[in-house]
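Coordinate analysis (summary)
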Amino acid sequence: MSTLSHKRILVKFSGESVAGDDEHGIDPKILDSMASSVGSCTELGAQIGIVIGGGNLFRGEKLSKAGMDRVAGDHMGMLATVMNGIALRDSLERAGIKTRVMSAIPMGGLVEHYDRRLAIQLLSDGYVVIFTAGTGNPFFTTDTAGCLRAIETQSELMLKATRVDGVFDADPEINKNAKFYPELSFDEAISKNLKVMDATALTLARDHHLPIRVFNVNTPNALKDIVCGEKIGTLIS
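So, a few notes on the structure that sits alongside this text. As the structure is a prediction and not an experimental result, all values here were calculated from the model.

**Observations concerning the overall build of the protein chain**
Helix and strand counts for the protein chain come out as nine helices and eleven strands. Here the C-alpha atoms of the protein chain give a radius of gyration of 17 Å, agreeing with the 18 Å that 2.2 N^0.38 yields for 237 residues. For the C-alpha atoms alone, the extent of the protein chain along its principal axes is close to 55 × 50 × 35 Å. Split into buried and exposed, the 237 residues of the protein chain put 48% on the buried side. Of the roughly 11,600 Å² of accessible surface on the protein chain, 49% is carried by carbon and sulfur atoms. Counting 25 positive and 29 negative side-chain charges, the protein chain places the centres of these two groups 2 Å from one another.

Okay, here's the thing in structure tokens:
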């Protein structure tokens, strides 16, 4: 029987990962795979919060460069994360996993408004809680939202799921000689500008002593192995 090394965690999934092999849209098979990974952890008693991006549906930054107002674009991006959150909730519930979706922007009738105390209670009661709409403010990434929600809900660890095996000094999908980092300090990640997360997210995690593990979402059983203490990917602490 596996034992937990991390009781409460927050997992950050990118919007792009939801699209699967396509650049845009939502792949139900990917969502079902995510639900299966999360379910294997909750069966062990892990308490899991999730933040999901919206880049598979909308990227405000690109339209901002094309002339759209940045604030309007960011608000549209927040709505995209809510759509992904609702889709993931459906997959989790079909897998028999108790799930709630909270939004930083009030959306009565669709999802619940974010309430920190309620979120902590739900996590303690065995619910998976999906946090959507970022921080509710423009100019902040979903990585920053992930760090913020992890800190607020007293999570022991934040996991960032990516398409590569961790943090490298260059993009390993382009440069096969890219150097892999098994461990990094927050100051190293910031000073080296490794682009694993924006500096705001890394600084927030550093200041509140929130360790971050970056791993490949496509690695079989990675989520379960990490919550059981396996050293997979890159640890930033």
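More follows now that the structure is in view.
**Observations regarding the environment of Phe 13**
With respect to the helices and strands, the residue Phe 13 is situated in strand E1 (residues 8-13). Through-space distance from the C-alpha of Phe 13 to that of Asp 169 is 21 Å; in sequence the pair is 156 residues apart. Here Phe 13 is in contact with Met 34, Ile 50, Val 51, Ile 52, Gly 53, Ala 161 and Val 217, once residues within four sequence places are set aside.

**Concerning the packing of helix H6 (residues 142-152) against helix H8 (residues 199-207)**
Think of two packed helices as two axes; the pair is described by the angle between the axes and how far apart they sit. Interhelical geometry of H6 versus H8 gives an angle of 15° and a closest axis separation of 8 Å. Relative to H8, the element H6 lies roughly parallel. In this structure, H6 crosses over H8, and the sense of that crossing is left-handed. Where H6 approaches H8, its residues Asp 143, Thr 144, Cys 147, Leu 148 and Ile 151 are matched on the opposing element by Thr 200, Ala 201, Leu 204 and Ala 205.

**Remarks on the nonpolar core**
Of all hydrophobic cores here, the largest spans 35 residues; its most connected members are Ile 48, Ile 50, Leu 88, Leu 92, Leu 159 and Phe 215. Elements that contribute at least two residues to this core include exactly E1, helix H2 (28-42), strand E2 (47-52), helix H4 (70-94), strand E5 (128-132), strand E6 (157-162) and helix H9 (222-227). Dropping the residues within four chain positions of it, Phe 215 is found in contact with Leu 159, Lys 160, Ala 161, Thr 162, Val 164, Ala 222, Leu 223, Ile 226, Ile 232 and Gly 233. Within the second largest apolar cluster, 27 residues are counted, among which are Ala 119, Leu 123, Phe 131 and Ala 189.

**A word on the pattern of salt bridges**
Taken as a whole, this structure holds ten salt bridges when the rule is applied. The salt bridge involving Glu 173 is made with Arg 163; its shortest N-O contact spans 3.2 Å. Here Glu 173, found in the loop between strand E7 (167-168) and strand E8 (180-181), pairs with Arg 163, found in the loop between E6 and E7; they are ten residues apart in sequence, far enough to count as distant. Take Glu 173: its relative accessible area is 47%, and that puts it in the partly exposed class. Notably, a salt bridge pairs Arg 206 with Asp 187, separated by 2.8 Å at the nearest N-O pair. Of the two residues, Arg 206 sits in helix H8 while Asp 187 sits in helix H7 (residues 186-191), which places them 19 residues apart along the sequence. Residue classification places Arg 206 among the partly exposed residues on the basis of a relative accessible area of 32%.

Reading guide: rules and limits
- Residues numbered from 1 in each chain as written.
- Predicted model: local features only at pLDDT ≥ 70, side-chain atom pairs only at ≥ 80, totals over all residues.
- Heavy atoms only, no water.
- Helix = DSSP H or I, 4+ residues; strand = E, 2+ residues; numbered from the N terminus.
- Rg over C-alpha atoms; globule rule 2.2 N^0.38 Å.
- Buried < 20%, exposed > 50% of the residue type's maximum accessible area, 1.4 Å probe, protein only.
- Areas by Shrake-Rupley, 256 points an atom, 1.4 Å probe, with all protein chains shown as cover.
- Lys, Arg positive; Asp, Glu negative; His and termini not counted.
- Charge placed at Lys NZ, Arg CZ, Asp CG, Glu CD.
- Contact = heavy atoms within 4.5 Å.
- Axes fitted to C-alpha atoms, helices over the stretch in contact; angles between N-to-C directions.
- Parallel < 35°, antiparallel > 145°, perpendicular 65-115°, else oblique.
- Left-handed = near helix turned anticlockwise from the far one by under 90°.
- Core = buried A, V, L, I, M, F, W, Y, C linked by side-chain atoms within 4.5 Å.
- Salt bridge = Lys/Arg side-chain N within 4 Å of Asp/Glu carboxyl O.

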